[in-house]
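A closer look at the structure
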Amino acid sequence: MKIDQTTVNDKKIRIRKSDLGLTLLVWLREVLDLTGVKNGCGIGACGSCTVLLDKRPVRACITTMDRVIDREILTIEGLTLSDGSLHPLQQAFIDAGAIQCGFCTPGMVLTAHALLLNNPNPSREEIRKVLTGNLCRCTGYQQIIDAVERATGYYQAKPKRVMKR
Ligand code: FES
Ligand code: FES
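Everything numeric in this text was worked out from a predicted model, so none of it was measured.

1. Overview of the domain arrangement of the chain
Under the domain assignment used here, the chain contains domain 1 (5-79) and domain 2 (88-157). Taken residue by residue, the interface counts 18 residues in domain 1 and 13 residues in domain 2. In total, about 1300 Å² of surface goes out of reach between domain 1 and domain 2, with carbon and sulfur atoms giving 70% of it. Residue assignment for the side of domain 1 that touches domain 2 shows that the elements contributing at least two residues are β3 (50-53), β4 (56-59) and α2 (76-79). Broken down by element, the residue count for the side of domain 1 that touches domain 2 peaks at 3 residues, all from β3. For the side of domain 1 that touches domain 2, the residue count by class is 8 nonpolar, 7 polar and 3 charged.

Given below as C-alpha cells:
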C-alpha cells in the first residue's frame, strides 16, 4: 500500500489518512507544531500563512493536504541556515527595521525568498509587486522593501544551481 508523504524543511513526513481532510495551515501548526506559519484571515486574503511549495509561495490556509503529497514544503523554520544562524534575508529584515509585531514577517520573508531565488536582482517595483498579496498592518511597507533589497547580494553571490536556502 502506498504511504502518502511529503517533505517539510528537508525531512520526509508521513501524511496520515486523517490529515488529508486538513488544510496545510492546520497540519503545519497543529500536527507538526510549526507555528511560524500564521493564521491571519483563514480565507486566502492576507498572505500571513504563506509557505513555499516546490519553491513557490502558496497560502497554506486554502491549500488542502492532497495537494502537498510528494512535494517539498519550506516553512520559516526551515529557512534558518544549517549552522543555526538566521538566513541573511531574515537578518536583513531585522537590520532594516522591517519587523514590528512580526505577524506578517514569516509570509513576507518566504514570498521574498521565492522571488530572490528566481531573480536575485529585482527592481524595487518588482519587489513591491510580488509582495502586494502580503498585508502588513504595522510597517508601512517601505522597510520591508528595503530589507529585500539589502538581501539581494547574498542571492547574487550564490550559484543558482546550488541554492536551496
Ligand atoms: S491566513 Fe491564509 S491568506 Fe490570510
Ligand atoms: S509587522 Fe505587524 S503586521 Fe507586519
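Don't stop here, the text continues.
2. Quick look at the sheet that holds strand β1 (residues 5-8)
A sheet is described by the order of its strands in space; here 5 strands give the open sequence β2-β1-β5-β3-β4, paired in mixed fashion. At either margin of the open sheet sits one strand with a lone partner, and together these are β2 (11-14) and β4. Pairwise comparison of adjacent strand axes, ignoring direction, gives a mean angle of 40° for this sheet. Where β3 and strand β5 (residues 72-74) come together, 2 bridges link them in antiparallel fashion. Opposite leucine 53, over in β5, you have isoleucine 73 as the bridge partner. Along the sheet face, helix α1 (residues 24-31) touches β1, β2, β3, β4 and β5 and points at about 70° away from the line of β1.

3. So, the pattern of salt bridges
If you walk through the whole model with that rule in mind, you get 7 salt bridges. Connected via shared salt-bridge partners are Lys2, Asp4 and Asp70.

4. Considering a nonpolar patch on the surface
A surface patch of nonpolar side chains, amounting to about 240 Å² of accessible area, comprises Leu86, Ile94 and Ile99. Within the secondary structure, isoleucine 99 sits in the loop between α3 (88-95) and α4 (105-118).

5. Examining the pairing of β4
Pairing between β3 and β4: 4 bridges, direction antiparallel. The residue of β4 that forms the bridge with leucine 53 is arginine 56.

6. Some points on the nonpolar core
Of all hydrophobic cores here, the largest spans 28 residues; its most connected members are Leu89, Phe93, Met108, Leu131, Ile144, Val148 and Tyr155. Those elements that place two or more of their residues in this core are α2, α3, α4 and α6 (142-157). Take this core: its biggest share by element is 8 residues, from α4. In terms of domain composition, this core takes at least three residues from each of domain 1 (5-79) and domain 2 (88-157). Ignoring sequence-local partners within four residues, the contact set of leucine 131 consists of Met108, Thr111, Ala112, Ile144, Ile145 and Val148. Core analysis: the second largest hydrophobic core is formed by 17 residues, Trp27, Leu28, Cys49 and Ile73 among them.

The rules behind each value
Residues numbered from 1 in each chain as written. Chains lettered and ligands numbered in written order. Predicted model: local features only at pLDDT ≥ 70, side-chain atom pairs only at ≥ 80, totals over all residues. Heavy atoms only, no water. Domains from an automatic or database assignment. Contact = heavy atoms within 4.5 Å. Buried area = accessible area lost by both parts, 1.4 Å probe. Helix = DSSP H or I, 4+ residues; strand = E, 2+ residues; numbered from the N terminus. Nonpolar A, V, L, I, M, F, W, Y, C, P; charged D, E, K, R; others polar. Pairing = 2+ DSSP bridges. Axes fitted to C-alpha atoms, helices over the stretch in contact; angles between N-to-C directions. Salt bridge = Lys/Arg side-chain N within 4 Å of Asp/Glu carboxyl O. Patch = residues over 30% accessible without salt bridge, like charges linked within 9 Å, V, L, I, M, F, W, Y side chains within 5 Å. Areas by Shrake-Rupley, 256 points an atom, 1.4 Å probe, with all protein chains shown as cover. Core = buried A, V, L, I, M, F, W, Y, C linked by side-chain atoms within 4.5 Å. Buried < 20%, exposed > 50% of the residue type's maximum accessible area, 1.4 Å probe, protein only.

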